[in-house]
Amino acid sequence: MSRTMATQDKKQLPVVGDRHVDPHSYPEGVAFLDGQYLPMSQAKISVLDWGFLHSDATYDTVHVWNGRFFRLDLHLGRFFGGLEKLRMTIPFDRDGVAEILHNCVALSGHRAAYVEMLCTRGASPTFSRDPRQAVNRFMAFAVPFGSVANAEQLQRGLRVAISDKVRIPPASIDPAIKNYHWLDLVRGLYDAYDRGAETALILDFNGNVAEGPGFNVFCVWDGKLSTPSIGVLPGITRRTVFDLCAEEGLAATATDVSVAALREADEVFITSTAGGIMPVTEIDGVRIADGKVGPITSRLMARYWQKHDDPAWSSPVNYPEGG
Ligand code: PLP
């Protein structure tokens, strides 16, 4: 007989960090699943879903800031591109998915949200091993905005370790299909924690820097920016940095970035929908340049957040009247 968490002694709850926490707690938010809008705690899928069993899924995450989606069109475009490459079909077009995302955010009431759309291969009603016989499953949810870097790290810069783990090569998985193949990234993270760092960068199959758990990376050398070109997710924030650089008259290229080039850079930052442009000031325990957040990084961070109010880059969430 199982006991519910409500009646369970608090001391029996697992300790995470320095607190006893309910392992069944969920962030405040709203999900869309099987035609229904549900609280996050009720949005559940079968253990037989291939998304879970085989990581056979694609997804995208867009954020809402001050009640506005940032570059939603680009996120929808990447998501639908992934669906096509994985031969998945969903019963919604781009407008239909956009409407569901608006509804999830509006129902959640969040003004700053992390909004995910995803599709799993689903399960086969006949338990066939043939993926063509699985019923693909679309879902979406909106939860509070989250960032790779916390407020203190955004101020002083992240401490990063470079792990020797290699990102799954593009010949195996096209990185443009945003996916949950994260074992390399998670193992890299543990390497970083073991070395006292806060997050990790891992390598591409040539030994150059690739990306980290949920972010791309840039370095600045003599006022010019570069970011790894192969074996990485073409991030929307990465693309946004290119667009901002074009406006600011800064040179930016996608190219090989060696570990040495990163260590010797004038400035380093990472980019993600989960946090935007985030400074890095230490790599493997050694400061980058003078160890302070650099001027180009600071300028781009400011421009990035300014664009969140600009109708050319963002669009308002359809909250209910007065909401
Ligand atoms: N690289 C990986 C592996 C990611 O998972 C993500 C985002 O989740 C990124 C890079 C950054 O992409 P974006 O800027 O579109 O959030």
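Anything mentioned here points back to the structure above.
Looking now at the overall build of the chain. When you go through the chain residue by residue, the secondary structure sums to eight helices and 17 strands. Taken against the 2.2 N^0.38 rule, which gives 20 Å for 323 residues, the C-alpha radius of gyration of the chain at 21 Å falls within 12% of a compact globule. With the C-alpha coordinates of the chain rotated into their principal frame, the extents come out at 60 × 45 × 45 Å. Relative to all contacts within the chain whose residues are 6 or more apart in sequence, the contacts with residues 24 or more apart total 68%. For the chain, the accessible surface area stands at approximately 16200 Å², while carbon and sulfur atoms represent 53% of it. When the 32 basic and 38 acidic side-chain charges of the chain are each reduced to a single mean position, those positions are 2 Å apart.

Attention now goes to the packing of helix 6 (residues 236-248) against helix 8 (residues 295-306). Interaxial distance between helix 6 and helix 8 falls to 10 Å at its minimum, and their mutual angle equals 105°. When the axis of helix 6 is compared with that of helix 8, the two are roughly perpendicular. Here Thr 237, Thr 240, Val 241, Leu 244, Cys 245 and Glu 248 of helix 6 come into contact with helix 8, specifically with Arg 299, Leu 300, Arg 303 and Tyr 304. Split into classes, the residues belonging to the contact of helix 6 with helix 8 amount to five nonpolar, two polar and three charged.

With respect to the element layout, Arg 78 can be found in helix 2 (residues 72-85). Setting aside residues no more than four positions away along its own chain, Arg 78 makes contact with Asp 60, Ala 176, Lys 178, Leu 233, Pro 234, Gly 235 and Ile 236.

Pairing is antiparallel across the open sheet formed by seven strands, whose spatial order is 4-3-8-7-5-6-17. Each of the sheet's edge strands pairs with one partner strand only, and the pair in question is strand 4 (36-39) and strand 17 (314-316). This sheet shows a mean twist of 25° between the axes of neighbouring strands, independent of strand direction. The pairing of strand 3 (residues 30-33) with strand 8 (residues 135-144) spans four bridges and is antiparallel. Directly across from Phe 32, in strand 8, lies its bridge partner Ala 140.

Every one of the 16 residues lining the ligand counts as a neighbour, but Lys 178, Glu 211, Ile 236, Thr 237 and Thr 273 are closest to it. In this structure, an oxygen atom belonging to the ligand sits 2.5 Å away from a side-chain N or O atom of Lys 178. In the model, an oxygen atom of the ligand is placed 2.8 Å from a nitrogen or oxygen of the Ile 236 main chain. Elements that contribute at least two residues to the shell around the ligand include exactly helix 6 and strand 14 (267-272). Across the shell around the ligand, the residue classes tally to five nonpolar, seven polar and four charged.

All right, on to helix 2 then. Since the α-helix turns once every 3.6 residues, residues separated by three or four places project in the same direction. In a regular helix each residue adds 1.5 Å, so 14 residues correspond to 20 Å; helix 2 covers 20 Å between its end C-alpha atoms and thus fits that length. Buried within helix 2 are the following residues: Leu 72, His 75, Leu 76, Arg 78, Phe 79, Gly 82 and Leu 83. Seen along its axis, helix 2 keeps its buried residues to an arc of 165°; they face one direction. Away from its buried face by more than 90 degrees, helix 2 exposes Asp 73 and Glu 84. Buried-residue contacts for helix 2 involve strand 5 (57-65), strand 6 (68-70), helix 3 (94-108), strand 7 (113-123), strand 8 and helix 6. Two residues or fewer past helix 2, Arg 87 is found with a positive phi of approximately 55°.

Each value, and the rule that gives it
Residues numbered from 1 in each chain as written. Predicted model: local features only at pLDDT ≥ 70, side-chain atom pairs only at ≥ 80, totals over all residues. Heavy atoms only, no water. Helix = DSSP H or I, 4+ residues; strand = E, 2+ residues; numbered from the N terminus. Rg over C-alpha atoms; globule rule 2.2 N^0.38 Å. Contact = heavy atoms within 4.5 Å. Areas by Shrake-Rupley, 256 points an atom, 1.4 Å probe, with all protein chains shown as cover. Lys, Arg positive; Asp, Glu negative; His and termini not counted. Charge placed at Lys NZ, Arg CZ, Asp CG, Glu CD. Axes fitted to C-alpha atoms, helices over the stretch in contact; angles between N-to-C directions. Parallel < 35°, antiparallel > 145°, perpendicular 65-115°, else oblique. Nonpolar A, V, L, I, M, F, W, Y, C, P; charged D, E, K, R; others polar. Pairing = 2+ DSSP bridges. Near = heavy atom within 4 Å. Polar contact = N/O pair within 3.5 Å; in protein donor to acceptor, adjacent residues only side chain to side chain. Expected span 1.5 Å × (residues − 1). Buried < 20%, exposed > 50% of the residue type's maximum accessible area, 1.4 Å probe, protein only. Arc of directions from axis to C-beta.

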